[in-house]
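Listed below, chain by chain, are the residues.
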Amino acid sequence: MHTDTSEGTEAATPAPRAWLVVASADHVARGVSLGIGQVNHGSRAGLQKMSKGDAIIYYSPTQVMNQKPPLQQFTAWGVIADDEIWQADEGDFKPFRRRVNFDQATPAKLADVRDQLILTQGPNWGYQLRRGLVELDPADARAIRASMGR
């Protein structure tokens, strides 16, 4: 009797993950227009955690970095297009980036979906946003996507 040992030996492809990136809305809009994703002012480390097919959701606490008033909206939704991380050259600024296929999505207020999210359930939940990148529970990603009309 012949037993096929090749079946099931390939590594399973991990399920796509969802990432919440914190950035001002004006920076997000520029990234969407360029079809790129950037994390933590161009740091490579956060981008290395992502894989092709992962969702990337931008949350904008403000319209313009370091300015008030607060915006507190989810401002863009996309999918990581490939596994390449590359470095742009903007003179004295050389950020690392990834290509992102952004969906047409309507910005959604955090207040409209906060009660549905696991992310916001604990006390001082906003503290984790200071890292600039948070892996989301799949249920949170679905709720945010729905709130953005997708």
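Source: prediction; values computed, not measured. (Residues numbered from 1 in each chain as written. Predicted model: local features only at pLDDT ≥ 70, side-chain atom pairs only at ≥ 80, totals over all residues. Heavy atoms only, no water.)

Student: It is not clear to me how the packing of aromatic side chains should be interpreted in this structure. Could you clarify?
Tutor: Aromatic rings in a pair are described by how distant their centres are and how their planes are angled relative to each other. If you walk through the whole model with that rule in mind, you get two aromatic pairs. Considering the side-chain rings of Tyr58 and Phe102, the 6.4 Å spacing of their centres and the 40° angle between planes classify their relative orientation as tilted. Here Tyr58, found in strand β3 (residues 55-62), pairs with Phe102, found in strand β6 (residues 96-102); they are 44 residues apart in sequence, far enough to count as distant. This pair shows no difference in class: Tyr58 is buried, exactly as Phe102 is. (Phe/Tyr/Trp six-rings, centres within 6.5 Å; stacked < 30°, edge-to-face > 60°. Helix = DSSP H or I, 4+ residues; strand = E, 2+ residues; numbered from the N terminus. Buried < 20%, exposed > 50% of the residue type's maximum accessible area, 1.4 Å probe, protein only.)

Student: Would you take a moment to explain helix α4 (residues 138-147) for this structure?
Tutor: Note that an α-helix has 3.6 residues per turn; residues three or four places apart therefore point the same way. For α4, the full list of buried residues reads Asp140, Ala141, Ala143 and Ile144. Angular distribution of buried residues about the axis of α4 spans 165°; they occupy a single face of the element. Opposite the buried face of α4, at more than 90 degrees from it, the exposed residues are Pro138, Arg142 and Ala146. Those residues of α4 that are buried lie in contact with β1 (18-22), β3, β4 (70-80), α3 (110-113) and β8 (133-136). N-capping of α4 is provided by Asp137, with a side-chain oxygen placed 2.8 Å from the backbone N of Ala139. Within two residues after α4, Gly149 carries a phi angle of roughly 80°, on the positive side. (Arc of directions from axis to C-beta. Contact = heavy atoms within 4.5 Å. Polar contact = N/O pair within 3.5 Å; in protein donor to acceptor, adjacent residues only side chain to side chain.)

Student: Teacher, can you tell me more about the side chain of Asp54 here?
Tutor: Among the secondary structure elements, Asp54 is positioned in the loop between α2 (44-48) and β3. For the buried residue Asp54, which engages in no salt bridge, the nearest side chain bearing the opposite charge is Arg17, 4.0 Å off. Only 3.0 Å separates the side chain of Asp54 from the side chain of Trp19, close enough to count as a polar contact. (Lys, Arg positive; Asp, Glu negative; His and termini not counted. Salt bridge = Lys/Arg side-chain N within 4 Å of Asp/Glu carboxyl O.)

Student: Help me out: how do you make sense of unusual backbone geometry in this one?
Tutor: Keep in mind that most residues, glycine aside, have a negative phi and that most peptide bonds are trans. Lys68 connects to Pro69 through a cis peptide bond whose omega is 5°. Tracing the chain through its elements places Pro69 in the loop between β3 and β4. In this model, His41 sits at a positive phi of 60°, which is unusual for a non-glycine residue. Residue position: His41 is located in the loop between β2 (36-37) and α2. Phi at Asn124 is positive, roughly 55°, even though this residue is not glycine. Along the polypeptide, Asn124 turns up in the loop between α3 and β8. Classification of Asn124 as exposed rests on a relative accessible area of 69%.

Student: For this particular structure, what's the right way to read the pattern of salt bridges?
Tutor: Two side chains with opposite charge may pair up if their charged atoms get near one another. Under the defined criterion, the tally for this structure stands at eight salt bridges. Residue Arg17 is joined to Glu135 by a salt bridge in which the shortest nitrogen-to-oxygen separation is 3.8 Å. Of this pair, Arg17 sits in the segment before β1 while Glu135 sits in strand β8; the two residues are 118 residues apart in sequence, bridging distant segments of the chain. Salt bridges here are not isolated pairs; linked through shared partners, they connect Arg30, Glu90 and Arg97.

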